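# Summary of structural features
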Amino acid sequence: MQTTFKQYQTLLLNKWNSRRFSAALIVCFVIWTPLLVTETLHIQHSCHPMINFLGKLPTECNTSPFSSPLLPPPAIPISNLDAGQLGIAVGASAAALGVPVPIAAGLGILTWLAAKSIGAFF
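Since the model is a prediction, treat every value here as computed from it, not as a measurement. (Residues numbered from 1 in each chain as written. Predicted model: local features only at pLDDT ≥ 70, side-chain atom pairs only at ≥ 80, totals over all residues. Heavy atoms only, no water.)

### Remarks on the overall build of the protein chain
The helix and strand inventory of the protein chain stands at three helices and zero strands. Burial statistics for the protein chain: of 122 residues in total, 12% are counted as buried. Long-range contacts, defined as pairs at least 24 residues apart, comprise 42% of the intrachain contacts of the protein chain with a sequence gap of at least 6. When the accessible surface of the protein chain is split by element, carbon and sulfur atoms take 71% of a total near 10,100 Å². (Helix = DSSP H or I, 4+ residues; strand = E, 2+ residues; numbered from the N terminus. Buried < 20%, exposed > 50% of the residue type's maximum accessible area, 1.4 Å probe, protein only. Contact = heavy atoms within 4.5 Å. Areas by Shrake-Rupley, 256 points an atom, 1.4 Å probe, with all protein chains shown as cover.)

Here it is, written out as structure tokens:
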């Protein structure tokens, strides 16, 4: 009787752990998908799109005959740590300390948003 109970308990724990992992993956997918879609659309509708379907750019883009509108703009010196790297570092550090995955992902996202908004002012 006791071995049957242990087998049943092990089966339930395995099912529970796989569902927790699946739930964590779904939460990460739900959080990151809108951010990635927004960033991709922002790049696609900028002066330097990833794919130029129409062959024309927005009127506010500089179309000087001496520079190609499809080349990226000249590099502007920025700090060594940008918002994305900072968010990844905070999220990974929180996960390494044993914080649950959704909370670690949320901390990373909040750090990224804070660094991005602070960087917009400077």
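After that view, the rundown keeps rolling.
### Observations concerning helix H2 (residues 83–96)
End to end, H2 covers 20 Å across 14 residues, agreeing with the expected 20 Å (1.5 Å per residue, within 8%). Among the residues of H2, those classed as buried are Ala83, Gly87, Gly91 and Ala94. Projected down its long axis, H2 carries its buried residues within an arc of 65°, all on one side. Across H2 from its buried face, at more than 90 degrees, point the exposed residues Ile88 and Ala96. Gly98 sits one or two positions beyond H2 and adopts a positive phi of about 100°. (Expected span 1.5 Å × (residues − 1). Arc of directions from axis to C-beta.)

### Observations concerning the side chain of Thr111
As for its placement among the helices and strands, Thr111 is situated in helix H3 (residues 101–121). At 2.7 Å, the side chain of Thr111 forms a polar contact with the backbone oxygen of Leu107. When sequence neighbours within four positions are dropped, the list of residues in contact with Thr111 reads Leu86, Gly87 and Val90. (Polar contact = N/O pair within 3.5 Å; in protein donor to acceptor, adjacent residues only side chain to side chain.)

### A word on a nonpolar patch on the surface
Together, Ile26, Phe29 and Val30 give the surface a local cluster of nonpolar side chains, amounting to about 330 Å² of exposed area. With respect to the secondary-structure elements, Phe29 resides in helix H1 (residues 2–44). For Phe29, a relative accessible area of 58% translates into the label exposed. (Patch = residues over 30% accessible without salt bridge, like charges linked within 9 Å, V, L, I, M, F, W, Y side chains within 5 Å. Salt bridge = Lys/Arg side-chain N within 4 Å of Asp/Glu carboxyl O.)

### Observations concerning the confidence of the model for the protein chain
Considering every residue of the protein chain, the mean pLDDT works out to 75; 68% of them sit at 70 or more. The weakest mean pLDDT in the protein chain belongs to H1 at 78; the strongest belongs to H2 at 88. (pLDDT = per-residue confidence, 0-100.)

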